[in-house]
Every structure is written in structure tokens, then in C-alpha cells.
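Residue-level structural notes
The residues making up each chain are set out below.
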Amino acid sequence: MNIRKILLLMLLAVPSLLAGCAGSSALTKEEKPHNVILIIGDGMGVPQVYSSVVVERANNSAFLRFPFSGFSRTYSRNKYRTDSSAGGTALTTGHKVDNYHVNWGPDSARYNTLFDDAKAKGMSTGFVVTSSVLDATPASTYGHVPYRKMFDTLSLQMAQCQHNVMIGGGRKYFETGNRKDGLAPLDTLAKRGYTVVNTLGEMLTFDGDNLVALLYEGDPLTAPARGNVLELGTRKALAMLGRNEKGFALMIEGSQIDWACHNNDTAYLRAEMADFETVLNAVLDFAEKDGHTLVVVTADHETGGVTLPAGDIEKGENEVHFYWGNHTGCMVPVFAYGPGAHLFSGIQENVDIPNKIRKLMGL
């Protein structure tokens, strides 16, 4: 066979090879999750994670249960160091926005969230946090404001949103006497069929479909003073949302990891990370049993410039040093478990995470 014939055969084979490659990139049934749980450790960088891995040596840290991991680049649209509203928006919408904006882009553009898309598909949605329900990260699942502290506006938007479960603090922002506008978002929630509860006991005994648990007048207590509220809220949300045959999308935030690092408080950080580990184990247990749930864990940014200059692996000890009391521009870790988890390996933009989830979920 002469060289011309060989080249011709090679050229004819190219379309078939490309078609084969395209076919192999298609998602199989096993790679398509039915549910997704996005877990955000606010302010949680690699040092915060590794410190917890060392301290939790006897219990085998939950982070070690994830088969896939990577990194996320966290810069915002206008700053090297993002804040939580821009960071949360990136993780829920797939858009970079300016710091202090919540799902709010140039020319007042309002971005749909991953949770909006899930709801449009008939799925159930919700969030559980250890902050006010109006704080930047939970607000990024439902709100649209040019400034993250527009709490009166955010409470009205939350009262009109489509989530089935919303658990956290911040009750005072919903009470008419504390509002500049005199409006009553609690009445709006009630008219829309939500049950609003104020205590942990009421939350645990609730047996309906739409729940708002405002468990604290302001911000929730710190760990361990608040007990296992985040774990209990997570289990409640999983039980409620899991009843939907079309699946669910849930966001969980360990909000006060960030606050501990802002305060440069090692004991506070260790307590919040221990609480976070408990929640991760609960979620992974659920996902393992379910078999069709994607779990993605990451952070909106790193806080404190944490370093671990010394420690003892065998004793489960390490020193935590803080560079300062603000955010940094460091990449943050990403952990994934479940159908399609391998897609979250490597270095990615924070905006890639919700878009990968959308693709996997068919949203």
C-alpha cells in the first residue's frame, strides 16, 4: 500500500475517532445524580481542613471519606479577595459579581441560581446554616440585591422564594417592630403555606412540607454552645426534601468557620470544624445509603491566612497561626462524592462548580 492510500485511510478514520471520543464523554446513567448537596465551609481553606484532619485522627476525619478533591479559584469580578456575597453568588449561579453583591451583576442583571433551576425541574430545595438566614451565603440561594446588608429587602425576597426548607437564625429581621418598612414577611410566609418555628423542638417535630426555622433572634450561638443544631437541621432537611421523587438540591453552610478565623480564635475554629465534620459524616452516610446523591464540599474563600507551623500527628495536635483577620485570595479545597464526583478534581474556577452540577443534574 502506497503512502497516499495510507494517508487517505487515516483521514477517513478521523471523523469516526472524534465521534467515539464525543460518545465517551456523554454521561452514563450512573453518573447522573438524583440529588445534590452543596456544602460550604465559609472561610475554610486547606490549612483549616488539614488542622481538622489531624485533630480528628482517632475518628478518621470525614474529609478522608471523599474519593475526589481539587481546588477552586475564588476571586470576584472586581477584587482579588472575594467577600462572601460574591463568593456565594459564584457558587450558586455560576457568575462572578462584584464584592457585596448578591446575585446582582452589571446593569442590575439578576442571575438565576442552581436552586431556581432545580425548582423549575420539580425538585425540592432548601438550606441549613449557622448564621442568620439573611447572611451572604444563604441569601445567595434566593436573593438579588446590590448590597448584602439590605436585610429588609432580603427578608421580603426570602418570604417570596420557593425553598421548601430554610433553617438558621435572624428572627429579628422578620419581626415588624424591628423593620424600617413596617412590613411583615412572616405573614407572607404564613399565607404561602409555610410553618415558621422558633425552637429546635418545634423544628424536630414538624411534619409538613414547607418549613422556616428561625431558631435565634440574631446569629446562632457558637459551637459548642449551640449543640448539634447544624446536624439536626441537616437531618431534618434531608428527611423532608428526600420525599420528593424528582430529587432535591440542598445547601448547607458551616458559617462560623469564617467568624472564628476573623477573630483569630483557634479554640473557636476547632469547635466549628468539629461541628462541620459531624455534618459531613451525616451527609456522607445519607449519600452512601442513597447511592444517587452528589455531595460537593468547598469554601467561598479562605479567612485569616491560616498556617500550621508545627504539630504532632500521633497526638492529634497542631499549632494554628493567623496572618490577619480578613479574607485571603488563596485557592480553597473542593471535595466530591457520588455520581459525577470525578468532574470536580483539578483546579477550577468557583463558577465552574454550579455549572458542573447543572450539567450533571440535567438542569
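Parameters at a glance
- Residues numbered from 1 in each chain as written.
- Predicted model: local features only at pLDDT ≥ 70, side-chain atom pairs only at ≥ 80, totals over all residues.
- Heavy atoms only, no water.
- Disulfide = S-S within 2.5 Å.
- Buried < 20%, exposed > 50% of the residue type's maximum accessible area, 1.4 Å probe, protein only.
- Patch = residues over 30% accessible without salt bridge, like charges linked within 9 Å, V, L, I, M, F, W, Y side chains within 5 Å.
- Areas by Shrake-Rupley, 256 points an atom, 1.4 Å probe, with all protein chains shown as cover.
- Salt bridge = Lys/Arg side-chain N within 4 Å of Asp/Glu carboxyl O.
- Helix = DSSP H or I, 4+ residues; strand = E, 2+ residues; numbered from the N terminus.
- Pairing = 2+ DSSP bridges.
- Axes fitted to C-alpha atoms, helices over the stretch in contact; angles between N-to-C directions.
- Core = buried A, V, L, I, M, F, W, Y, C linked by side-chain atoms within 4.5 Å.
- Contact = heavy atoms within 4.5 Å.
- Parallel < 35°, antiparallel > 145°, perpendicular 65-115°, else oblique.
- Nonpolar A, V, L, I, M, F, W, Y, C, P; charged D, E, K, R; others polar.

Observations concerning the state of the cysteines
Using the criterion set out here, one finds zero disulfides in the structure. Unpaired in this structure, C330 has its nearest cysteine sulfur neighbour in C261, at a distance of 12 Å. The class for C330 is partly exposed, based on a relative accessible area of 42%.

Regarding a nonpolar patch on the surface
There is a patch of nonpolar side chains on the surface, built from V46, F71, M331 and I347 and spanning about 340 Å² of accessible area. The residue M331 is located in the loop between strand 12 (327–328) and strand 13 (332–337) in this model. Using a relative accessible area of 35% as the deciding quantity, one classes M331 as partly exposed.

As for the sheet that holds strand 13
The ten strands are arranged 5-6-4-3-7-1-8-13-2-14 in an open sheet whose pairing can be described as mixed. A single partner strand is all that each edge strand has here, and the edge strands are strand 5 (195–197) and strand 14 (346–349). Taking each pair of neighbouring strands and ignoring which way they run, the sheet shows an average axis angle of 15 degrees. Of the pairings in the sheet, the one linking strand 2 (residues 68–73) to strand 14 comprises four bridges and is parallel in character. Pairing of G70 across the sheet is with G346, part of strand 14.

Some thoughts on the nonpolar core
In this structure, I39, M44, F63, L250 and V297 are the most contacted members of the largest nonpolar core, which totals 48 residues. With nine residues, the single largest contributor to this core is helix 11 (residues 266–290). Setting aside residues up to four positions removed in sequence, M44 forms contacts with V49, F63, I257, M273, F276, V297, T298, A299, H301, V332 and P333. L38, A139, L154 and M158 belong to the second largest nonpolar core, which has 38 residues in total.

A closer look at the pattern of salt bridges
The full count for this structure, using the stated rule, is 16 salt bridges. With a shortest N-O distance of 3.9 Å, D152 and R179 are connected by a salt bridge. Note that D152 is positioned in helix 6 (residues 151–160) and R179 in the loop between strand 4 (165–169) and helix 7 (185–191), a separation of 27 residues in sequence. Across the salt bridge formed by R179 and D181, the nearest N and O atoms sit 2.8 Å from each other. A single salt-bridge network, built from bridges that share partners, covers R65, D285 and E288.

Observations concerning unusual backbone geometry
In this structure, P224 follows A223 across a cis peptide bond, with omega equal to 5 degrees. Relative to the helices and strands, P224 resides in the loop between strand 6 (211–214) and helix 9 (229–241). Here Y100, not a glycine, exhibits a phi torsion of approximately 80 degrees, which is positive. A relative accessible area of 45% means that Y100 is categorised as partly exposed. Not every positive phi belongs to a glycine, and D107 is a case in point at roughly 55 degrees. For D107, the location among the structural elements is in the loop between helix 3 (84–93) and helix 4 (114–120).

Quick word on helix 6
Quick reminder: α-helices carry 3.6 residues per turn. Residues three or four places apart thus point the same way. Along helix 6, the residues classified as buried are L154, S155, Q157, M158 and A159. The secondary structure elements touched by the buried residues of helix 6 are strand 3 (124–132), helix 5 (136–139), strand 4, helix 7 and strand 6.

Concerning the packing of helix 2 (residues 46–55) against helix 11
At a closest axis distance of 10 Å, the pairing of helix 2 and helix 11 adopts a crossing angle of 75 degrees. Here helix 2 is positioned roughly perpendicular relative to helix 11, judged by the angle of their axes. Of the residues in helix 11, those touching helix 2 at Q48, V49, S51, S52, V53 and V55 are L269, R270, M273 and E277. Per-class residue counts for the contact of helix 2 with helix 11 are five nonpolar, three polar and two charged.

No statement about biological role is implied by the geometric values presented.
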